[in-house]
Amino acid sequence: MDSGKVVHRRKPDIPAIRPRVSDGNQQIQEVGAKSLDLSKVIRLLEDPLTANLKERHLFVLKKLLKRSQTGFLLKDLTGITKVLNICAEKVKDHPEYLPTLCEAIQICRLPFLKEKASDELSYARDVIEFLSNMGCLMRVSDTDVRQQIVESVKSFYSCVAPKQLLDGPQPTSPGYRLQLLERSDLAQTLLLSMAAVENQPAIKLQLLQTLQILSSYSDTNCALMLNARGAETICLHMNEPDPSGQILFRSSEILWNLLERGSNEEVTAQLNSMECVLSLKEAFTHQLMSSVQRSDLQLRNDLLVITTLLAENPNSLLIESLFARHLVVLATFPELKSHNTLVRNLKLKFSNEDFKMKKLLLNLLVLMSKDLAALQLYKEERVTLALLTLVKPPADLSEHRSASRHWSSVQQEELQLQALATLATIAPLMPDQYMSCQGNTCMLLLLDWCVREDAYFGQGHSFHGTGGGGSKKAQMRLCIRVLRSVTSSGEDSVNQDLCDQGTINQLLGILMQMEASPDEEDVITLEIKTDIQLILSALCQSDMHRKDLFGSEGVEMTVHFLRKGADKFYSGLGHNKLILSTVDCVWSCIVGCYTTEDYFLAKEGPFLLLDLLSSGPRCMRCNILATLLELCDNLNTLSYILNWRDGGGQTAPRLLLQLWREEEEELKVSRTQHGGIADPQRPLLSLHQQEDTQPSCPANVPSAAVLELSENLRSKIYSIFCKLGFQDLPGLTTENYVTLSIVRRYLDFKVGEVWEEISRELSLEGVRPISPDEEALSTICKIAEDTARRVAAEQNSILEQQEKEDIGEEELMYTEIKSHWKQRELAAKSWDSYVSRTSNHEILKEVKAQREKYIESSRPKPNPEDAAVRPTEHFIGRVMSVESTDAQGPAGVKLRLARAAIKTAGQNEVGPTTQDPEYFSTVKD
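Keep in mind it's a predicted model, so treat the numbers as computed, not measured. (Residues numbered from 1 in each chain as written. Predicted model: local features only at pLDDT ≥ 70, side-chain atom pairs only at ≥ 80, totals over all residues. Heavy atoms only, no water.)

**Q** Before we go on, may I ask you to explain the overall build of the chain in this structure?
**A** Tallying secondary structure elements over the chain gives 45 helices and five strands in all. Across the 925 residues of the chain, 42% fall into the buried class. Looking at the chain alone, contacts between residues at least 24 apart form 74% of all its contacts between residues at least 6 apart. Accessible area for the chain stands at about 50300 Å²; split by element, carbon and sulfur atoms hold 52% of it. (Helix = DSSP H or I, 4+ residues; strand = E, 2+ residues; numbered from the N terminus. Buried < 20%, exposed > 50% of the residue type's maximum accessible area, 1.4 Å probe, protein only. Contact = heavy atoms within 4.5 Å. Areas by Shrake-Rupley, 256 points an atom, 1.4 Å probe, with all protein chains shown as cover.)

**Q** Quick question: what am I supposed to make of the packing of aromatic side chains here?
**A** In this description, a pair of aromatic rings is defined by centroid distance and the angle of the planes. Inspection of the entire model under this criterion finds 12 aromatic pairs. With centroids separated by 6.5 Å and ring planes inclined at 65°, the aromatic side chains of F72 and F130 adopt a geometry described as edge-to-face. With F72 in the loop between α3 (54-67) and α4 (77-90) and F130 in helix α7 (residues 124-136), this pair connects stretches of sequence that are 58 residues apart. Taking the relative accessible area as the measure of exposure, F72 reaches 2% and is therefore buried. Among the aromatic side chains, those forming a connected cluster through ring pairs are F72, F112 and F130. The ring of W821 has R824 sitting right over it, with the charged end atom 4.6 Å from the ring centre. (Phe/Tyr/Trp six-rings, centres within 6.5 Å; stacked < 30°, edge-to-face > 60°. Lys NZ or Arg CZ within 6 Å of the ring centre and 35° of its normal.)

**Q** How do you make sense of the pattern of salt bridges when you look at a structure like this?
**A** If charged atoms from side chains of opposite charge come close, those side chains can pair. Tallied over the entire structure, the rule returns 42 salt bridges. For D531, the salt bridge goes to R484, with nearest N and O atoms at 3.0 Å. Separated by 47 residues along the polypeptide, D531 in helix α30 (residues 523-540) and R484 in helix α27 (residues 473-488) bring together distant segments of the chain. Taking the relative accessible area as the measure of exposure, D531 reaches 3% and is therefore buried. (Salt bridge = Lys/Arg side-chain N within 4 Å of Asp/Glu carboxyl O.)

**Q** Could you clarify how one ought to interpret the environment of L44 in this entry?
**A** Examined against the element boundaries, L44 turns out to sit in helix α2 (residues 20-46). Once the C-alpha coordinates of L44 and R56 are considered, the two residues, 12 residues apart in sequence, prove to be 8.7 Å apart. Residues in contact with L44, not counting those within four places in the same chain, are T50, R56, H57 and V60.

**Q** Honestly, a negative patch on the surface in this entry has me stumped. Any pointers?
**A** On the surface, E800, E803, E805, D806, E809, E810 and E811 cluster together to form a negatively charged patch. As for its placement among the helices and strands, E803 is situated in helix α43 (residues 771-839). A relative accessible area of 48% means that E803 is categorised as partly exposed. (Patch = residues over 30% accessible without salt bridge, like charges linked within 9 Å, V, L, I, M, F, W, Y side chains within 5 Å. Lys, Arg positive; Asp, Glu negative; His and termini not counted. Charge placed at Lys NZ, Arg CZ, Asp CG, Glu CD.)

**Q** Explain the state of the cysteines to me, please; I cannot follow it from the model alone.
**A** Using the criterion set out here, one finds zero disulfides in the structure. Not part of a disulfide, C235 finds its nearest cysteine sulfur in C276, a span of 4.2 Å. (Disulfide = S-S within 2.5 Å.)

**Q** Would you mind showing me how to read the packing of helix α34 (residues 605-615) against helix α37 (residues 652-667) here?
**A** One way to put it is that α34 packs onto α37 with a least axis distance of 11 Å and a crossing angle of 35°. In the packing of α34 onto α37, the handedness of the crossing is left-handed. Mapping the contact onto sequence places L610, L613 and S614 in α34 and A652, L655, L656 and L659 in α37. For the contact of α34 with α37, the per-class residue count stands at six nonpolar, one polar and no charged. (Axes fitted to C-alpha atoms, helices over the stretch in contact; angles between N-to-C directions. Left-handed = near helix turned anticlockwise from the far one by under 90°. Nonpolar A, V, L, I, M, F, W, Y, C, P; charged D, E, K, R; others polar.)

**Q** In this structure, what is going on with the nonpolar core? I would like to understand it.
**A** Most often, soluble globular proteins keep nonpolar side chains buried together rather than apart. With 220 residues, the main nonpolar core has L211, M368, Y378, M443 and L536 as its most contacted residues. Once you skip the residues sitting within four places of it in the chain, M443 turns out to touch L388, V391, L420, L423, Y434, C479, V482 and L483. (Core = buried A, V, L, I, M, F, W, Y, C linked by side-chain atoms within 4.5 Å.)

**Q** Just to check I follow, could you spell out the packing of helix α26 (residues 439-451) against helix α29 (residues 503-516) for this structure?
**A** When two helices pack together, you describe them by how their axes are tilted relative to each other and by the distance separating the axes. Running from N to C, α26 and α29 point in directions that differ by 25°, and their axes come no closer than 12 Å. With respect to α29, the element α26 is oriented roughly parallel. In the crossing of α26 with α29, the sense of the turn from one axis to the other is left-handed. Contacts between α26 and α29 pair L444, L447, D448 and V451 from the former with T503, Q506, L507, I510 and Q513 from the latter. Residues belonging to the contact of α26 with α29 are distributed by class as follows: five nonpolar, three polar and one charged. (Parallel < 35°, antiparallel > 145°, perpendicular 65-115°, else oblique.)

**Q** Would you mind going over a nonpolar patch on the surface with me for this structure?
**A** Taken together, L747, V751, W755 and I758 make up a surface patch of nonpolar side chains, about 320 Å² in accessible area. Counting through the fold element by element, I758 comes out in helix α42 (residues 746-764).

**Q** Explain the confidence of the model for the chain here, please?
**A** Note that predicted coordinates carrying low pLDDT should not be read in detail. Mean pLDDT for the chain: 84, with 85% of residues reaching 70 or above. Note that pLDDT drops below 50 for residues 1-36; the model gives that stretch 19 contacts with residues more than four away or on any other chain. Under a pLDDT of 50 for its full length, residues 900-925 has, in the predicted model, 27 contacts with residues more than four places off or in other chains. (pLDDT = per-residue confidence, 0-100.)

**Q** Is there a simple way to explain the environment of T50 in this structure?
**A** If you trace the backbone, T50 turns up in the loop between α2 and α3. When near neighbours in sequence (up to four residues on either side) are disregarded, T50 contacts R43, L44 and H57.

**Q** Can you walk me through the side chain of N712 in this structure?
**A** Among the structural elements, N712 can be located in the loop between α39 (704-711) and α40 (714-724). Residue N712 is classed as buried on the basis of its relative accessible area, which comes to 4%. The residues touching N712, leaving out its near neighbours within four places in the chain, are E663 and L667.

**Q** Explain the side chain of Q212 here, please?
**A** Here Q212 shows up in helix α11 (residues 201-217). Look at Q212 and you get buried, because its relative accessible area is 13%.

Here's what the structure looks like:
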């Protein structure tokens, strides 16, 4: 302190015109003096010889704090930490140190000071240790000290920017201290000090406010608090006596912050203890019974949300703590009357907060249903009946107006939709309760109300009401979903009851009515159609009488949807699900019943399935092939399959073989360039099976060779060919015949593959079969390999024959080409000759002379002997008669002529001969 005075006295002696560098040296000397003063203060407080000089201590500390009124220097924080700790220890026996300690903590609210810009980085570790030490000062039991600590920490988050000083050290940047606070243990230490302030309600409330601030602005602070089991600590202390009524609110806000900024799994894991669940139960029950103001109702709902997050944990203790029973009773209120003390005197105001609580309770029913123990509570508290009461169609407006206290129409609609969604989850778990409450009848009545045209218009504001604004589409969607969930559970009593009430015809009518609607298809509409088809499939799958009820109307429906094809499969609206459910409807509702099958064939259903197989996506092929295979049991189906052609003229056998090759290409089966068998030892083995080096499978697990049957299309294609036959198939090429030779032997190859797998597993397990079995096993494997070699030879023969045919066709093609060129040459030569004749007279005369010569040489020469034997006769005509007709001119004269021979001079006379007259007419008959 004396050295500081010396520097102060010498300061006026410094000339005013001294350069600024000397001013900086002066500041360094002052800072050095302050640093020296701090070290002397610490030595004064710790030295055993001066440990009892209380007045001296207080004087020095007061002077030190007075010099630090603008904030602590960063480089002095290590020393200040020691001073604070010494004062905290002395406070136990000497309360006189309390004001000094409080004043020092109060100075901590001010920003730290830096001499150079690099001080923030250089003294970061000192700041972290200083902030951690501040939390440790909560060990001082004095109220003022603890209050100063929490107030100082809260001031760190003040939005007021630090003021820049005129000269000397400057304050650090606003976010500097907050960044280093996250690296310190301050948040954890303050959290752990909750147990120390149990008897100080005011300090406890301020501490909760501080923890709320710390958790609101930093994910790191939340993580640090969770590491100290902050969620559990807050939950266990939130029901302690609170004159202000703010502790529960602050505690819930901290839990919310931990959930939002921390790890949900960690928070729920810490809250999932019997003590925490009971604490939540106590807090919720208290708020339920005593809440009057809106803020209290909101706090009640916040606690219910935290409980909901806790219920998502499958190992939650809600049932063991009896908290679940309270929640189930509240979920059925006020629809059902109960003598439970929890709701006996409970009166809802049907306000917006009460409405939110009701929705949260319905959501809790879905979450808790994962625990089978909760189903017993649902049965005892008649949860199904309460839900069915909520889903009934809304009453007319007059009844709503006459009711004194009730949910509004908008609230009633949202609760109706959420109750339907809840029922879709719970009803399949409790089919007996669902049937005892006549759930099917209620759903069918609601469905009938949905398709009825009246003046009801849905609001569509809730999550479950999406897409249903201005209509009943949201109610229909969830009603159909409930029916789908209860039918898909396979409970025969539920399905039989639906069929007895005419559900099949009702659903078919609704489906076709929706299809005839001019409205554009959307996600909700497609989902409803898909669910209806799934319901029909579930109802008709195993009952022949129900397939008869499906009848021609159902066949018309499936054919209608099959004709749409798969063009919109990837539209994103749900057409993919609709077309898959249509194929499933054919399989479940048509196949197996001869009447519906024959009608389906008459409507060219197999053609539509093959069209879908040809043009549809790859993921649909398995279902379509399985359906076609089942249809092939009807012999009339085979002719349809063989007569089918696609747009390019491709036949069904050719399509199936193409699918076989694509499947093997995806499986990476070893094949030659032309699709033949490349490895006779592995004629069917995929690359995955070849690379699989896992040990042998357990007896209850199917092996890879067996499992492969259901994972690809080859077994289904082989089965269809077994129905069609392997001979006289239309439209096959050489490549198809090569593939067909493999398909024909598929079963033999698969049997050999299974035996090979058995042999390999025995070898892996070190088991040696007896000699006859080993010989039989070796023979079977060799037979399979020999079969593959014969098929490979057959494929080579097919390819050689095709090659010969190709060569013959090629030779014929070349012959035709030669003939064509020869004709062109002759035509060109003839044209040249014609041109030369017509353009050159000499050439024309030569050609004419040559032609006459050829004509003369081609005439036969007369034989004198023949002339003597048969002399030449000459004839002359004679008019025998003349007739007139009605025609004008020469055409009106009809003559009849006779001819007579004229003898030459050397001819012998012969008696007169009579010849038949020849008639000539100038008139056309």
